[in-house]
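Chain and residue survey
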Amino acid sequence: EAGVVQSPRYKIIEKKQPVAFWCNPISGHNTLYWYLQNLGQGPELLIRYENEEAVDDSQLPKDRFSAERLKGVDSTLKIQPAELGDSAVYLCASSHRGRNEQFFGPGTRLTVL
Amino acid sequence: KQEVTQIPAALSVPEGENLVLNCSFTDSAIYNLQWFRQDPGKGLTSLLLIQSSQREQTSGRLNASLDKSSGRSTLYIAASQPGDSATYLCAPASGSARQLTFGSGTQLTVLP
């Protein structure tokens, strides 16, 4: 069984530029999560999807961050414009309804210069 | 709001030792608790999921215990190996959304 796939693995951009991250969850997992992980810290939830519906986006900075999960499978997280403080690792995870065990992708390491 | 503390923040042991990693959380009303390992520059790998009704969960050389009432979990690693070197994170699931809250992790180094 393939795991959670994320791309790109690394991204370097200048501040004020836009950036997008892509995630493909484990097949059959209806719940998808985006997390932010700063160096030396545990991940923090940004947004959670149940199928194509964003059911918890309270931690997503909506002035510059947006996300979508069309057709309830793949998801994209976008930042526009990026700021220096956005440099971090962005992790995607998925889980199957009822089990609540989350499986993580390798993450995208973003560096904003 | 759930808060998670992991002690120690870093641990270095010689190969072959048994060791215990500690996790404490402030809100005991949890649904389950997951232990993860994270290798440098990698994502999180799920090690064990322990349900709130369980006291222990075992996988190979790993054993996780849960004392929900006192807000504590431990991860026991038997006969440690250099390949066990990684950061270990615990994350209880709480709230109506069963949201995971992560600690900052314990960075383990097993010396050959």
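Residues numbered from 1 in each chain as written. Chains lettered and ligands numbered in written order. Predicted model: local features only at pLDDT ≥ 70, side-chain atom pairs only at ≥ 80, totals over all residues. Heavy atoms only, no water.

1. Thoughts on the pairing of strand S7 (residues 65-68) of chain A
Residue and element names in this part refer to chain A. The pairing of S7 with strand S8 (residues 75-79) spans 4 bridges and is antiparallel. From the neighbouring strand, alanine 67 faces S8, where its bridge partner is leucine 77. Counting the residues between successive antiparallel strands, the hairpin from S7 to S8 contains 6 residues, one of them, lysine 71, with a positive phi of roughly 65°. (Pairing = 2+ DSSP bridges. Helix = DSSP H or I, 4+ residues; strand = E, 2+ residues; numbered from the N terminus.)

2. Re the interface of chain B and chain A
Facing 20 residues of chain B, the contacting portion of chain A comprises 20 residues. Buried surface at the junction of chain B and chain A, both sides included, amounts to about 1500 Å², of which 45% is carbon and sulfur. Broken down residue by residue, the surface that chain B buries against chain A is led by B:Leu44, B:Leu49 and B:Phe102, which jointly contribute 26%. One can count 6 residue pairs in polar contact (both at pLDDT 80 or more) joining chain B with chain A. Where the side of chain B that touches chain A is concerned, the elements lending two or more residues are strand S4 (30-38), strand S5 (44-51), strand S9 (86-94) and strand S10 (99-100) of chain B. Residues belonging to the side of chain B that touches chain A are distributed by class as follows: 8 nonpolar, 10 polar and 2 charged. (Contact = heavy atoms within 4.5 Å. Buried area = accessible area lost by both parts, 1.4 Å probe. Polar contact = N/O pair within 3.5 Å; in protein donor to acceptor, adjacent residues only side chain to side chain. Nonpolar A, V, L, I, M, F, W, Y, C, P; charged D, E, K, R; others polar.)

3. Remarks on the pattern of salt bridges
Applying the stated criterion across every chain yields a total of 6 salt bridges over all chains. Taking the shortest distance from any N to any O, the salt bridge between B:Asp39 and B:Arg37 comes out at 2.7 Å. B:Arg37 gets classed as buried once you look at its relative accessible area, which sits at 15%. It is possible to trace a salt-bridge network through shared partners that takes in A:Arg64, A:Glu83 and A:Asp86. (Salt bridge = Lys/Arg side-chain N within 4 Å of Asp/Glu carboxyl O. Buried < 20%, exposed > 50% of the residue type's maximum accessible area, 1.4 Å probe, protein only.)

4. Some details on empty space enclosed by the protein
Applying the stated criterion to the full structure yields 1 cavity of 30 Å³ or more. Residue assignment for the lining of the largest cavity shows that the elements contributing at least two residues are strand S4 (31-37) and strand S5 (44-50) of chain A together with S10 of chain B. (1 Å grid on protein atoms, 1.4 Å probe; cavity = no way out; pocket = protein on both sides within 12 Å on 5 of 7 lines; lining within 4 Å. Points joined across faces, edges and corners; volume = space filled by probe spheres on them.)

5. Considerations on the state of the cysteines
Evaluation of the coordinates by the stated rule reveals 2 disulfides over all chains. The disulfide partner of A:Cys23 is A:Cys92, and the S-S distance across this bridge is 1.9 Å. Judged by the sign of its S-S torsion, about -70°, the bond between A:Cys23 and A:Cys92 is left-handed. Of this pair, A:Cys23 sits in strand S3 (residues 19-24) while A:Cys92 sits in strand S9 (residues 88-95); the two residues are 69 residues apart in sequence, bridging distant segments of the chain. The exposure classification of A:Cys23 matches that of A:Cys92, with both residues buried. At a sulfur-sulfur separation of 1.9 Å, the disulfide partner of B:Cys23 is B:Cys90. Between B:Cys23 and B:Cys90, the S-S torsion sits near 70°, and that sign places the bridge as right-handed. (Disulfide = S-S within 2.5 Å.)

6. So, the sheet that holds strand S7 (residues 62-67) of chain B
Residue and element names in this part refer to chain B. Strand order in this open sheet of 5 strands is S1-S3-S8-S7-S6, and the pairing throughout is antiparallel. What marks the edges here is a single partner per strand, and that holds for strand S1 (4-7) and strand S6 (56-59). Between one strand and the next, the sheet's axes are offset by a mean angle of 15°, whatever the strand orientation. Note that S7 and strand S8 (residues 72-77) share 6 bridges and pair antiparallel. Its bridge partner being in S8, asparagine 63 is matched across the sheet by tyrosine 76. (Axes fitted to C-alpha atoms, helices over the stretch in contact; angles between N-to-C directions.)

7. Here's the deal with unusual backbone geometry
For the bond from A:Ser7 to A:Pro8, the omega torsion is -5°, close enough to zero to count as cis. Position of A:Pro8 among the secondary structure elements: in the loop between strand S1 (5-7) and strand S2 (10-13). For the bond running from A:Gln80 to A:Pro81, omega is -5°, close enough to zero to count as cis. Relative to the assigned elements, A:Pro81 resides in the loop between S8 and S9. One non-glycine residue, A:Lys16, lies in the positive phi region at around 80°. Along the chain, A:Lys16 falls in the loop between S2 and S3. Phi at B:Arg98 takes a positive value of approximately 50°, unusual for a residue other than glycine. Turning to its location among the elements, B:Arg98 is positioned in the loop between S9 and S10.

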